[in-house]
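# Architecture at a glance
One letter stands for each residue in the lines below.
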Amino acid sequence: MTKHQDERHTATSAREHSAVPRREFFARAATAGLAAMTARSLRAAPATPQRAQIAITLDLEMSRHYPVRGMTEWDYQKGNLNEPTKQYALDAARIAKERGALIHYFCVGRVLEQDNVDWLKEIHELGHPIGNHTYDHVNVWATEPAQTQFRFQRSPWLIRGMSAAEIIQQNIRTTTMAMRDRLGFDPAGFRTPGGSYLALDDREDLQQMLRNEGFSWVSSKYPQHEYGTAMQPPTEAVHDSIVSASLATQPYVYPTGLVEVPMSPISDVGAFRTNYWKLDDFLESVRRCVSATIDRGLVFDMLMHPSIMYVEDPNFEAVKLVYDLVNDAGDRAEIVGLGTIAAAAQPSTPATPK
Ligand SMILES: [Zn+2]
């Protein structure tokens, strides 16, 4: 794990990837992609590709180095959202609603301590699902208490006597309770803070804990892919690597019955904070990935953060681009919440909250 879980799906993935021989990485990606596509195509055994499912997701938390480089106090206050972040989240919800589209949000519970949560209630009333993203943005893979969150390194009395597993479970349960108390509804699914290419594959304890906390699906996987050189625009090889990883990283069911709905690359964190890309570079990557996903009838789960996007994409071009691509595809694609994707991945289980 890295020193900061929020960067795990970017910096760490890049670093870990460098330890994997290039040929082996692509062989793995190709195998995983074949398995995923086979699983999805077997559902209905269609002659033509199934309808692609595209999700737009916004994680509601503050991000280090935003709105300016060097700003890292957010590491201790992930849920203390500033006004532009909340406004961007709400405006995106309104823009999507106007177009008949959906955005799936994930809420860090600590934001519910703020004076006013009307913006979150409005997002819910517009019909957008809001999931649980833990209370303090804890690292669910952590096995030592101090590794769970920076806040608990600075203020260890908050987790006095607790194990890492207890901290993580309590952080998740407290968010569910806070959403019920302050917002009046239950979370629509769970997304891990950060992401890992390992997902929860070898963590049956976490799969079971999430099921016990009432979740039927999780969004925890972020695949390895090439990043190229920071401050350089993406090369064709980088674009190709991201598209390959995106197509290969599809929903699946864990042995415990929990469904995994992976995050699709490249995240805004990887594009803007890690790589210093321009908005057009990010939009080009999204265009390629979503187009390839639609052509193959697969799933794409776009990951962004309002705390980053209000700086990098103030005119909501990314949201509008995805909407246009799906709209132009007619009945070959639809924009859905992650619960719909999870239900389709495991049709034998009862429908999950959208
Ligand atoms: Zn997060």
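Worth saying up front: this structure is predicted, and the values here are computed from it rather than measured. Counting from 1, residues in each chain are numbered in the order their sequence is written. It should be noted that, the model being predicted, local features are given only for residues of pLDDT at least 70 and side-chain atom pairs only at 80 or more, the latter also being counted only at that level, while totals for whole chains, interfaces and linings use all residues. No hydrogens and no water enter the side-chain calculation; it runs on all heavy atoms of the structure.

### As for the overall build of the protein chain
Within the protein chain, the secondary structure is distributed over 13 helices and nine strands. By residue count, 59% of the 354 residues in the protein chain fall in the buried class. In what follows, a contact means two residues having at least one pair of non-hydrogen atoms within 4.5 Å. For the protein chain, the share of sequence-separated contacts (at least 6 apart) that also reach a separation of at least 24 residues comes to 77%. On the protein chain, roughly 14400 Å² of surface is accessible, and the fraction owed to carbon and sulfur atoms is 51%. Each helix corresponds to a stretch of at least 4 residues labelled H or I by DSSP, and each strand to a stretch of at least 2 residues labelled E; elements are numbered beginning at the N terminus. Burial classes: relative accessible area under 20% of the type maximum marks a residue as buried, over 50% as exposed, and values in between as partly exposed (1.4 Å probe, protein chains only). The protein chains shown are the only cover counted for residues, whose accessible areas, like all others here, come from Shrake-Rupley with a 1.4 Å probe.

### Considering unusual backbone geometry
Trans is the prevailing form of peptide bonds, just as negative phi is the prevailing case for residues other than glycine. Residue Pro67 follows Tyr66 across a cis peptide bond; omega there is 5°. Considering the arrangement of structural elements, one finds Pro67 in the loop between strand E1 (52–60) and helix H3 (83–98). The peptide bond linking Pro265 to Ile266 adopts the cis configuration, its omega dihedral lying at 0°. Despite not being glycine, Thr134 has its phi angle at roughly 70°, a positive value. Within the secondary structure, Thr134 sits in the loop between strand E3 (130–132) and helix H5 (150–154).

### Some thoughts on the nonpolar core
Counting residues in hydrophobic clusters, the biggest one holds 73 residues, and the most contacted among them are Tyr105, Trp119, Leu120, Phe282 and Met304. Residue contributions to this core peak at eight residues, all from helix H10 (residues 279–296). If we ignore the near neighbours within four places in the chain, the residues touching Met304 are Ile56, Thr57, Leu58, Asp59, Asp268, Phe282, Met309, Ala318 and Val319. Grouped together as the second largest cluster of nonpolar side chains are 19 residues, Trp141, Ile168, Ile172 and Leu200 included. As used in this record, nonpolar core signifies buried Ala, Val, Leu, Ile, Met, Phe, Trp, Tyr and Cys residues forming a set joined through side-chain atoms within 4.5 Å.

### Overview of the coordination of the zinc ion
Donors, by definition, are the N, O and S atoms found within 2.8 Å of a metal, the threshold being 3.2 Å for Na, K and Ca, and water is not counted, so a site can look incomplete. For the zinc ion, the full set of protein donor atoms is Glu61 (OE), Glu61 (OE), His133 (NE2) and His137 (NE2), and the range of their distances to it is 2.0 to 2.7 Å. We note that the donor set of the zinc ion lies within a single chain, spaced as E-x71-H-x3-H. Note that Glu61 is positioned in the loop between E1 and H3 and His133 in the loop between E3 and H5, a separation of 72 residues in sequence. Given the relative accessible area of 1%, His133 is considered buried.

### Considering the pattern of salt bridges
The working definition used for a salt bridge is a side-chain nitrogen of Lys or Arg within 4 Å of a carboxyl oxygen of Asp or Glu. Applying the stated criterion to the full structure yields 18 salt bridges. Linking Lys86 and Glu83 is a salt bridge whose minimum nitrogen-to-oxygen distance equals 3.1 Å. Residue Lys86 and its partner Glu83 are located together in helix H3, separated by three residues, close to a single helical turn. Of the residues examined, Glu83 reaches a relative accessible area of 56% and is grouped as exposed.

### Observations regarding the pairing of E1
The element E1 is extensively covered by neighbouring structure, given that nine of its nine residues are classed as buried. Residues Ala52, Ile54, Ile56, Leu58 and Leu60 of E1 are buried on one face, and the alternating residues Gln53, Ala55, Thr57 and Asp59, pointing to the opposite face, are buried as well. Pairing between strands requires that DSSP locate at least two bridges from one strand to the other. Sheet topology note: the E1/strand E8 (residues 299–304) ladder contains six bridges and is parallel. Opposite Ile54, over in E8, you have Phe300 as the bridge partner. If you view a crossover with the strands going away from you and the path from the first strand over the helix to the second runs clockwise, you call it right-handed. The parallel pair E1 and strand E2 (residues 104–107) is bridged by H3, and the resulting crossover is right-handed.

### Some thoughts on the packing of H3 against helix H4 (residues 118–125)
Across the interface, H3 lies against H4 with an axial gap of 10 Å and an inter-helix angle of 15°. Our classification of the angle between H3 and H4 gives roughly parallel. Of the two elements, H3 crosses H4, and the hand of that crossing is left-handed. Contacts between H3 and H4 involve Lys86, Ala89, Leu90, Ala93 and Arg94 from the former and Trp119, Glu122 and Ile123 from the latter. The class makeup of the residues in the contact of H3 with H4 is five nonpolar, no polar and three charged. Fitted lines through C-alpha atoms serve as axes, helices being fitted only where they are in contact, and the angles separating the N-to-C directions of these axes extend from 0 to 180 degrees. The labels follow the angle: roughly parallel below 35 degrees, roughly antiparallel above 145, roughly perpendicular from 65 to 115, and oblique for the rest. Two helices that cross are described as forming a left-handed crossing if the nearer one is turned anticlockwise from the farther one by less than a right angle, and a right-handed crossing if clockwise. Any residue outside Ala, Val, Leu, Ile, Met, Phe, Trp, Tyr, Cys, Pro, Asp, Glu, Lys and Arg is labelled polar, Gly included; the first ten of those are nonpolar and the last four are charged.

### Examining the confidence of the model for the protein chain
Confidence scores labelled pLDDT are given residue by residue by the predictor and lie between 0 and 100. Summary statistics for the protein chain give a mean pLDDT of 89 and a share of 84% for residues scoring 70 or more. Confidence drops under pLDDT 50 across residues 1–39; counting only partners more than four residues distant or on other chains, this segment forms 71 contacts.

### Quick look at the pairing of E8
One face of the sheet, then the other: side chains in a regular strand alternate in exactly this way. Of all six residues in E8, six are buried; the element is thus mostly enclosed. Taking every second residue as pointing to the same face, both faces of E8 are buried, with Val299, Asp301 and Leu303 on one and Phe300, Met302 and Met304 on the other.

### A word on the packing of H10 against helix H12 (residues 317–328)
At their nearest, the axes of H10 and H12 sit 10 Å apart, and the two run at 25° to each other. In this view, H10 runs roughly parallel relative to H12, as classed from their interaxial angle. Pair H10 / H12 crosses with right-handed handedness. Every residue of H12 that contacts H10 at Leu279, Phe282, Leu283, Val286, Arg287, Val290, Ser291 and Ile294 is listed here: Glu317, Ala318, Leu321, Val322, Leu325 and Val326. Of the residues in the contact of H10 with H12, the class split is eleven nonpolar, one polar and two charged.

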